[in-house]
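# Architecture at a glance
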Amino acid sequence: MDEETVMRNAEAWDHLDEAMFTSSLISDKEREKGVVDDGEDIYPRTKEEALHMDEELKLAMETAQEPDEENFAERYGMLREIVDWSLKRHSTWKWSLIAGALLGAGIFYYFKNDQEETIRRAKIEREQVKEWHAIDVVQTPFDKCPDQHANNAYSLRLSAADKYKMYKLIDLKSSVEYNQKSSKEYGLRADTAKLAENKEKYLNNQKSYAETAVKKRAEYDSINAMDFTQIHEMAQQDLARRVESEVSHGNTLYGYMVYLLILIPLYIITGYPHGYSITKHRRRSGCMNIFRKVGFGIASFCFGAGLAMSLLPDDIVKTTYSDGHTETHTEGNAANLIILAMKFGLMIVGAFIFCFVASVIMTIETFYGLLENFNWKGWMAKLRPPKQVPVTQ
């Protein structure tokens, strides 16, 4: 082999080494040793690094006099595979996350429809209050006011001004008595506390509950002094606020549903990053995968435990009649009703966790996908009008 061939082969190997040590993931110590401890660190983490590796490989192939030599071909083939993978886009979105988002959208759709009925009832109640007839509304001394509602008090509170007033007064009296009792209890705790920090905490709680009790008692006296017109106005404001709150809640449910439906296509569109971007953010992807596996694992456990409870058998009852013959039949176990409630509760919790984990991961990955997987700067530069060059006379 002549000297020129040896030199060109050596130059080709230099290009291979330059390509191999291009990635910024490789430490200076590894560069000095000429050995990469972790093979994954060879992968480029930016477009510039990937293009530089590609150029070095092209130069190595053009320079090499013996490209089929075993060691050279093996090294070149490994690096070429890495560069080709890094410059291509890869699908990273997952069907399981899309299924979770679809389930979440379905749940929000169900509750949104249910909320529509709640809004309808709230509006009917608001109109019912508007139609009250004027009546005499008497005052009720604090000590004569009941501290508990009657069984049908809630359903009757909107039928007339006096019933609405009494309902409000009972609520306020209960609040006054609860805060007075709590204030007294914390006062006793403060008297027996041995640590200064506990004593101070108990005294602060005592003061807070006492102030609330005074505030609620003043509110009681204020409402107790109201006549029909004032009670009517207060009730209309209360019902108007309730309608506004229920409508807002319904809009929130609808907003979450629409958000998930929009998120799904965005998640898919942004789920095709370049290989170098996957390498750059592999730690973040690893955290997301751990979060997904743990979350879906808990969701599967809850859902599976709920399904397993449906397999619990009924009691087998054996009956012996007077003529001596016996019959057996099954009867539902009352304890199974509690288990049935737990079953549905676990299944709901599992479904909620499944949807929550899916929506969080999809939101994070879509956000970063929009930032990292598209050339926003290049697009914005094309949209900007060209600079006007002044014409010199």
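Summary of the structure given here. Here the structure is a predicted model, which means the values were calculated and not measured. (Residues numbered from 1 in each chain as written. Predicted model: local features only at pLDDT ≥ 70, side-chain atom pairs only at ≥ 80, totals over all residues. Heavy atoms only, no water.)

## Remarks on the overall build of the protein chain
Looking only at helices and strands, the protein chain features 13 helices and 2 strands. Sorting the 393 residues of the protein chain into buried and exposed places 32% on the buried side. The contacts in the protein chain between residues at least 6 apart in sequence include a share of 76% that link residues at least 24 apart. Put simply, the protein chain shows about 25600 Å² of open surface, and 57% of that area lies on carbon and sulfur atoms. (Helix = DSSP H or I, 4+ residues; strand = E, 2+ residues; numbered from the N terminus. Buried < 20%, exposed > 50% of the residue type's maximum accessible area, 1.4 Å probe, protein only. Contact = heavy atoms within 4.5 Å. Areas by Shrake-Rupley, 256 points an atom, 1.4 Å probe, with all protein chains shown as cover.)

## A look at the packing of helix α3 (residues 47–63) against helix α4 (residues 70–87)
Close contact between α3 and α4 brings their axes to 10 Å; oriented N to C, the two are set at 150°. Classified by the angle their axes make, α3 and α4 are roughly antiparallel. The way α3 lies across α4 gives a crossing that is left-handed. In this structure, α3 uses A50, L51, M53, D54, L57, K58, A60 and M61 to contact α4, whose residues at the interface are F72, Y76, L79, R80, I82, V83, S86 and L87. (Axes fitted to C-alpha atoms, helices over the stretch in contact; angles between N-to-C directions. Parallel < 35°, antiparallel > 145°, perpendicular 65-115°, else oblique. Left-handed = near helix turned anticlockwise from the far one by under 90°.)

## Some details on the side chain of R157
Within the fold, R157 resides in the loop between α6 (153–156) and α7 (161–192). It is E125 that comes nearest to the buried, bridge-free R157 among opposite-charge side chains, at 4.0 Å. Within polar-contact distance, the side chain of R157 engages the backbone oxygen of Y154 at 2.8 Å. Here R157 is in contact with E125, W132, K163, Y164 and Y167, once residues within four sequence places are set aside. (Lys, Arg positive; Asp, Glu negative; His and termini not counted. Salt bridge = Lys/Arg side-chain N within 4 Å of Asp/Glu carboxyl O. Polar contact = N/O pair within 3.5 Å; in protein donor to acceptor, adjacent residues only side chain to side chain.)

## Observations regarding the side chain of E246
Within the secondary structure, E246 is located in helix α9 (residues 228–269). Residue classification places E246 among the buried residues on the basis of a relative accessible area of 17%. Within the structure, the side chain of E246 is placed 2.5 Å from the side chain of Q115, a separation counted as a polar contact. When neighbours within four sequence positions are excluded, E246 is seen to be in contact with Q115, T118, I119 and A122.

## Brief notes about the pattern of salt bridges
If you walk through the whole model with that rule in mind, you get 18 salt bridges. The network of salt bridges with shared partners includes D54, K58, R80 and D84.

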